[in-house]
Amino acid sequence: MLSSVSQKARSGLVMLVVACAFLSLPQAVRGQGRARLLELAKQAYQNGLTGTPASVQSWERTFKPTPEWGYTPPGAPPYMARLSAMLYKQTGDEAYAREAIKWLVAEPTYLKYFPESMRHFRPDYVDGVPPLTNFFEAPYYIGAYLLVKDSPSMTAADRRTIENSISESLNYIFKYPEWGPMNRAMLRAYALELGVEAMPESPDAPRWKKMSRVLASDSWEHWDEEDAKMYHSVWFLTVLRYADAVGDSSLYQHPTVQYYFDYFTHLLDPTGNVPQFGDARYHSNWSWYVAILERGATVYHRADYRWAAQRILNANLPANGRIGTGDGMNLLDAYLWSEDGPASPPPARSEDVMEDLVGKKIVFRDGYDANANYLFLNYRDEGTYDRMPRDFLRHTIPAEEEKQVHGHSDENAINLLMSKGSVLLDDGGYRPELPSGPNGEDRADYFHNRLVWRMGKVGRDQSIWDFIRNAGSYETVETEKIDFLRGDGFDMSRTRVTDRHHGVQQDRVITWLKKENVWVVFDIVKFLQTGYYTMADLWDATTILDHGDDYYVTAIDTIAGHPQKMGTALRIDMPKIGPRREGTFPLMRNGDKNIAVYEALGSHYLAGQVETFVTVLTPVPRADISRSPVKSVRVVQTPQERRGIGVVLTVDGSEILVAAKTDLDYGILTANVRPRYTWASGRVDYGPFATDADFFLARTTGDTVSWAATNMVGVRYHDQELFAAPSSTYTLQPDDLSSTGKGPPKWRYWSGTAEVKK
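Note that the structure is predicted; figures quoted are calculated from it, not measured.

## Comments concerning the side chain of arginine 82
By secondary structure assignment, the location of arginine 82 is in helix H3 (residues 76-91). Not counting residues up to four positions away in its chain, the partners in contact with arginine 82 are Tyr140, Ala144, Tyr190, Arg241, Met329 and Asp333.

## With respect to the pairing of strand E19 (residues 610-621)
Among the twelve residues of E19, eleven are classified as buried, and the element is accordingly described as predominantly covered. Two strands pair when backbone bridges link them, and strand E10 (residues 518-527) and E19 are joined in this way by eight bridges, in the antiparallel orientation. Across the sheet, isoleucine 524 pairs through a bridge with threonine 612, a residue of E19. Looking at chain direction, strand E16 (residues 568-573) and E19 are connected through six bridges and run antiparallel. Counterpart to arginine 571 in the pairing with E19 is threonine 618.

## Section: the pattern of salt bridges
Across all of its chains, the model carries 53 salt bridges by this definition. Among the salt bridges present, the one from aspartate 333 reaches arginine 241, with a minimum N-O distance of 2.7 Å. Taken together, the residues span a long stretch of sequence, with aspartate 333 in helix H13 (residues 325-337) and arginine 241 in helix H9 (residues 229-246) at a distance of 92 residues. Each member of the pair, aspartate 333 as well as arginine 241, is classed as buried. Linked through salt bridges whose partners overlap, the residues forming this network are Asp227, Lys361, Arg380, Lys403 and Asp410.

## Some points on unusual backbone geometry
Comment: phi is negative for the bulk of residues other than glycine, and the bulk of peptide bonds are trans. Cis geometry marks the peptide bond from leucine 434 to proline 435; its omega dihedral reads -5 degrees. Examined against the element boundaries, proline 435 turns out to sit in the loop between strand E5 (422-425) and strand E6 (451-455). That bond from arginine 674 to proline 675 is cis: its omega, -5 degrees, falls within 30 degrees of zero.

## Describing the packing of aromatic side chains
According to the stated counting rule, one finds 48 aromatic pairs in the structure shown. In this structure an aromatic cluster arises from ring pairing among Trp223, Trp235, Phe236, Tyr252, Tyr259, Tyr260, Phe261, Tyr263, Phe264, Tyr289, Tyr300 and Tyr305. Above the plane of the ring of tyrosine 551 lies arginine 571, whose end atom (NZ or CZ) is 4.0 Å from the centre. It is arginine 580 that lies over the ring of phenylalanine 613; its NZ or CZ is 4.6 Å from the centre.

## Side note on the sheet that holds strand E17 (residues 581-589)
Spatially, four strands are ordered E6-E11-E18-E17 in an open sheet, and the strand pairing comes out antiparallel. Lying at the two open borders of the sheet, with one neighbouring strand each, are E6 and E17. Ignoring which end each strand starts from, the neighbouring axes of this sheet average 30 degrees apart. Note: E6 against strand E11 (residues 531-541), five bridges, orientation antiparallel. Looking across to E11, one finds that arginine 454 is bridged to threonine 534.

## Structural notes on the pairing of strand E28 (residues 720-724)
Where a strand is regular, its side chains alternate between the two sheet faces. Here strand E27 (residues 714-717) pairs with E28 via four bridges, running antiparallel. Directly across from arginine 716, in E28, lies its bridge partner glutamate 721. Between E27 and E28, which pair antiparallel and follow one another directly, the connecting turn spans two residues, one of which, histidine 718, has a positive phi of 55 degrees.

## Points about the side chain of asparagine 183
Tracing the backbone shows asparagine 183 in helix H7 (residues 183-198). You can call asparagine 183 buried: its relative accessible area is 0%. In this structure the side chain of asparagine 183 is engaged in a polar contact, spanning 2.6 Å, whose partner is the side chain of glutamate 226. Apart from the residues lying within four places of it in its own chain, the contact partners of asparagine 183 are Phe136, Glu226, Tyr231, Val234, Trp235 and His406.

Cut-offs applied
Residues numbered from 1 in each chain as written. Predicted model: local features only at pLDDT ≥ 70, side-chain atom pairs only at ≥ 80, totals over all residues. Heavy atoms only, no water. Helix = DSSP H or I, 4+ residues; strand = E, 2+ residues; numbered from the N terminus. Contact = heavy atoms within 4.5 Å. Buried < 20%, exposed > 50% of the residue type's maximum accessible area, 1.4 Å probe, protein only. Pairing = 2+ DSSP bridges. Salt bridge = Lys/Arg side-chain N within 4 Å of Asp/Glu carboxyl O. Phe/Tyr/Trp six-rings, centres within 6.5 Å; stacked < 30°, edge-to-face > 60°. Lys NZ or Arg CZ within 6 Å of the ring centre and 35° of its normal. Axes fitted to C-alpha atoms, helices over the stretch in contact; angles between N-to-C directions. Polar contact = N/O pair within 3.5 Å; in protein donor to acceptor, adjacent residues only side chain to side chain.

See the structure below:
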């Protein structure tokens, strides 16, 4: 970071440039969007005039201190104070200043509710209990004081009370200066920086500043270690606010920073929200994202960021107008940071958002509107970066049910599926209690739409739910993207989870047939060690509308108590492959009663063997669930070797084959020669088709076959050659530099159409 003097000067220059750019816009373009944000902030303030006292009164009635959690003051006053102070700065109206000062002065008075007898339970209270123990609220308390400290309404007595509260609260941070690239560390850093600006003459200011720099250094220009929709926004918005506080606009020059603006924009779902993953509540933190994206739109002059901010705002404003003071505070920052201008969404297409190393998210979509089709796959693991901060957290917080930090066991899970405005699959939510409940509630793998596995074999009459559930403790795994492709009429992905501790490698292959709006999901398990295993493919809903042999029709009527649009239901076809069981069991997710539909299997496997599950997900009209474009589902696979798995769907007079190789190492020759494969070595038969492709799709209509394949040498239909890669020469063989090899290279992707020969 720059020195404070040069940073302040640079920040001033940037703000001047932004202001000039804003003033140069035509009058018709300026005003309306920004003015709306300001009015919404004022509306939040009006709500806070009654809401904040009511919140404090509720806290006074219900606060029950414990030795574990100590003193936790009411959360509403600091937010109301900062919102009031921000409006005072904008308008000069002393009424706003007086409101802010009232709540700032009141903060230490809540300490009377913490009994003196409990203070000896906590060593961090040896020097006294600070007025603000919560790092989520401390920066906004101090920020409010900064804005009103020179108000004529501020008395000397008020100033002493507030500054004493600030000093005690900031010095308390040194009891536990939590660090790492995450939200809690940045909130502490931001509070300390604001404290230095508010009280530069304090004898503690030098160490406040030093600790602020230490805590912020892990986040400045670095990745967030978290994988949680809620905490991503808290962390990133605090980083942006911190950059303003230190006056360093160079933050925005780094690709790791711009990444997050793109990341949030491209994740947006049809409801106008960043979808849930990790610790997140239903449609939570929307105002944080509005502020973030407005800032990005202004800094980078990006119409798509501006569109995303407006989309989130329009989708989440409560119908009753009850905007909270925290949301109002964020919207006022959005107002101060924004400029009016063009707004347009990014291309509406399936994509790997934004890469396969840090974010590890895949989105399938055909639009950004409320009726778009959308599937969100999360395959993020803990990651290999930020090892020291992750280890610090692992050994200091009792969060055994989550990835470090805030991520859930949702690797290879479908966290959201939507069609025509209806939610068909959703995320499990945050947690109902601390730390997570007896079964790792909402965080454990069995609360997600994914395949779960356990060592040991479930009994013939044993409950699957009883067998798979445990304390919910997180099991470390590794994930990677194998493939993602936008094809001709379809999109597909293949992502992998490797669980070395339990000896399991699981690939999830998702194929979206776009015209039919049908999703084919293969879950392929390769066993890395010999033993008994039980697996269950889980799909969650609130309602079962129908079921029969090998299928269920489900719906989601509520999420976290919020009613959902009921126009579309989900047909779940699970065609059996050998002896396995299907059924349901009840569980709680998002605070709602849910039903898990499962297909399960327990058996003994040798190292290197594979097992497969096939699921076909089809949105159907809830008013007529029989109206499915899929007339029949038939599994095609090599019965014994299981080299490949395929499913044939009968759709509108055509047969569509979707197939994938089960073991991607199959076909690699033992001899260390190049090319290290042949057409024959990798060949897999799927009914009339034969190919060595990793992924294969074919549509047969009458006498015409249309096909597409990835990473292959050849494709055949009966005896008819549909594709054959030409041979090439491979010099400098690894074990004999004087020799050469000859053979066809694998093609990344190819497609074609052919008339079937009779």
